[in-house]
Amino acid sequence: MKISVLGATGGTGQAIVKQALANGHYVKALVRRPEGLKVRHEKLEVFIGDARDPDIIETLMEGQDAVICSLGIPAAGTTRAEIDDSIKTDVCMVSPQLLFDAMPRHNVARIVLMSTHGAGSSNDGSDYCNWLRDLGKNRVYDKDDMEAFIAGSDASIKWTVIRNPAIYDGEKGRDYNVYTRITIDRSSKITYLDLADFAVSEVEEAQHVGQFLSITEPLDNKNFMASAEVAPTCR
């Protein structure tokens with residue numbers, strides 16, 4: 001397949017690029033800083049630009065089969081005091097609007113978008129969601145806007161939104177599941193490699209079209225697991 005990856009310099013984006021290439025796909029990767037993408041491969045083409053630029057989006061869609069959108073401004077710290085959140089961000093909202101407009105013109109039907117658990121309808125008022133939203137503020141609000149746009153879109157696009165908890169460096173192949181509804185806490189986590197593997201597999205197989213998913217390894221809190229709703233696969 002020919003896959004475009006937006007947000008390719010972040011931890012998740014780089015893992016997605018590597019996994020897509022490892023699976024034999026051709027990748028167009030959009031970056032703002034070329035030095036931030038450490039991957040080099042004969043099937044990788046790197047584009048420098050802003051994901052809110054309509055011309056860049058048109059270029060990324062040309063000749064492609066699918067898109068994985070892993071946008072967002074990274075947070076360097078783990079507390080609000082460590083994160084500069086003074087500037088409102090809108091890249092997660094604006095870029096999907098451009099993508100949903102351009103994709104049908106280029107016959108690109110499949111897109112996987114990375115969000116975060118605590119955004120959109122997954123904001124259940126739990127301690128975790130309140131902590132995350134206080135920490136991330138504008139970054140999470142941008143994801144809220146993105147999810148609202150996608151939920152209200154009538155475009156002929158096969159989309160899936162993946163909401164991650166904390167992401168960490170670790171081996172691929174750990175146990176995890178995906179849910180349409182779950183309450184999580186700060187023990188919830190997923191490795192970059194497993195998150196990327198699932199995102200790429202969704203492009204390849206399209207098992208959860210039209211679903212907002214939360215992905216996590218098994219939680220310490222068994223009550224949360226008991227009340228969760230596992231995401232059904234498409235048949």
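Scroll up to find the structure.
The present account deals with the structure reproduced in this document. (Residues numbered from 1 in each chain as written. Predicted model: local features only at pLDDT ≥ 70, side-chain atom pairs only at ≥ 80, totals over all residues. Heavy atoms only, no water.)

### Observations concerning the environment of Phe198
Let me state the cut-off plainly: Elements are defined by DSSP. Helices are runs of H or I of four residues or more, strands are runs of E of two residues or more, and each kind is numbered from the N terminus. Throughout this description, buried means an accessible area under 20% of the type-specific maximum (1.4 Å probe, protein chains only), exposed means over 50%, and partly exposed covers the range between. Contact between two residues is taken to exist if any of their heavy atoms lie within 4.5 Å; hydrogens are not considered.
Mapped onto the secondary structure, Phe198 falls in helix α6 (residues 192-205). In this structure Phe198 comes out as buried when scored by relative accessible area, which is 6%. Phe198 sits 36 residues away from Ile162 along the chain, and the two C-alpha atoms are 9.2 Å apart. Apart from residues no more than four positions distant in its own chain, Phe198 is found in contact with Ile162, Tyr176, Val178, His208, Leu213 and Ile215.

### A closer look at the sheet that holds strand β11 (residues 229-230)
Quick note on the threshold: Whether two strands pair depends on DSSP finding at least two bridges between them.
Pairing is mixed in the open sheet, where nine strands are placed in the order β3-β2-β1-β4-β5-β6-β10-β8-β11. A strand with exactly one partner marks an edge of an open sheet, and here the two such strands are β3 (44-48) and β11. Pairing analysis gives five bridges linking strand β1 (residues 2-6) to strand β2 (residues 26-31), with the strands arranged parallel. When the sheet's bridge partners are listed, Val5 is paired in β2 with Ala29.

### So, the pattern of salt bridges
Heads up, the rule is: For salt bridges, the criterion is a side-chain nitrogen of Lys or Arg within 4 Å of an Asp or Glu carboxyl oxygen.
Per the counting criterion, the structure on display carries 11 salt bridges. Close ionic contact of Glu202 with Arg110 constitutes a salt bridge, the shortest N to O distance being 2.9 Å. Taken together, the residues Glu202 in helix α6 and Arg110 in strand β5 (residues 110-116) connect sequence positions 92 residues apart. Like Arg110, Glu202 is buried. The shortest N-O distance in the salt bridge between Arg163 and Glu147 comes to 2.5 Å.

### A word on the state of the cysteines
To be explicit about the condition: Only a pair of cysteine sulfur atoms within 2.5 Å qualifies as a disulfide here.
Taken as a whole and judged by the stated rule, the model has zero disulfides. Of all cysteine sulfurs, the one in Cys92 lies closest to Cys129, which takes part in no disulfide; the gap is 17 Å. With a relative accessible area of 0%, Cys129 lands in the buried category.

### Some points on the pairing of β1
As a reminder, the rule being used: Convention used here: a crossover is right-handed provided that the path from the first strand, over the helix, to the second strand proceeds clockwise when the strands point away from the viewer.
Most of β1 is tucked away, with four of its five residues classed as buried. As for the winding sense of the linkage, the β-α-β connection from β1 through helix α1 (residues 11-22) to β2 is right-handed. Strand direction decides the pairing type here: β1 and strand β4 (residues 66-69), joined by four bridges, are parallel. Note on β4: the bridge partner recorded for Ser4 is Val67.

### Regarding helix α4 (residues 127-136)
The cut-off we apply is this: This arc corresponds to the set of directions leading from the helix axis out to the C-beta atoms.
Those residues of α4 lying buried are Tyr128, Cys129, Leu132, Arg133, Leu135 and Gly136. The buried residues of α4 occupy one face: seen down the axis, they fall within an arc of 160°. Next to the buried residues of α4 lie β5, α5 (138-152) and β7 (166-168). Directly beyond the C-terminal end of α4, a positive phi value near 40° is found at Lys137.

### Remarks on the packing of helix α3 (residues 91-102) against α5
Convention followed: With axes taken as lines fitted to C-alpha atoms, and helix axes fitted only over the stretch in contact, angles between N-to-C directions fall between 0 and 180 degrees. The scheme is simple: roughly parallel for angles under 35 degrees, roughly antiparallel for over 145, roughly perpendicular for 65 to 115, oblique for anything else.
Between α3 and α5, whose axes approach to 7 Å, the crossing angle comes to 25°. Overall, the two elements α3 and α5 adopt an arrangement that is roughly parallel. Contacts between α3 and α5 pair Val91, Cys92, Met93, Pro96, Gln97 and Phe100 from the former with Asp142, Lys143, Asp145, Met146, Phe149 and Ile150 from the latter.

### Examining the packing of aromatic side chains
Filter applied, for reference: Within 6.5 Å between ring centres, the rings of Phe, Tyr and Trp (the latter by its six-membered ring) count as paired, and their orientation is classed by plane angle as stacked under 30 degrees, edge-to-face over 60, tilted in between. Whether a charge sits over a ring comes down to the Lys NZ or Arg CZ being within 6 Å of the ring centre and within 35 degrees of the ring normal.
A complete count under the given rule lists four aromatic pairs for this structure. Ring plane angle 65° and centroid distance 5.3 Å describe the contact between Phe100 and Phe149, whose orientation is recorded as edge-to-face. Here the residue Phe100 occupies a position in helix α3, and Phe149 occupies one in helix α5, the gap between them amounting to 49 residues. With a centroid separation of 4.9 Å and 55° between ring planes, the pair formed by Trp159 and Phe212 is classed as tilted. Residue Trp159 is located in strand β6 (residues 158-164), and its partner Phe212 is located in strand β10 (residues 211-216); the two are separated by 53 residues in the primary sequence. By relative accessible area, which is 16% here, Phe212 ends up buried. Directly above the ring of Tyr26 sits Lys43, whose terminal nitrogen or CZ lies 5.0 Å from the centroid. Over the ring of Tyr168 we find Lys189, and its NZ or CZ is 5.2 Å from the ring centre.

### Description of the nonpolar core
Just so we agree on the cut-off: Put simply, buried Ala, Val, Leu, Ile, Met, Phe, Trp, Tyr and Cys residues joined by side-chain atoms within 4.5 Å make one nonpolar core.
With 30 residues, the main nonpolar core has Ile16, Val17, Val27, Leu44 and Ile162 as its most contacted residues. Elements supplying a minimum of two residues to this core: β1, α1, β2, β4, β5, α6 and β10. The element that contributes the greatest number of residues to this core is α6, accounting for six residues. Not counting chain neighbours up to four residues away, the residues in contact with Leu44 comprise Val17, Leu21, Val27, Ala29, Leu37 and Val39. Judged by nonpolar contacts, the second largest core, of 26 residues, contains Leu6, Ile56, Val91 and Leu99.

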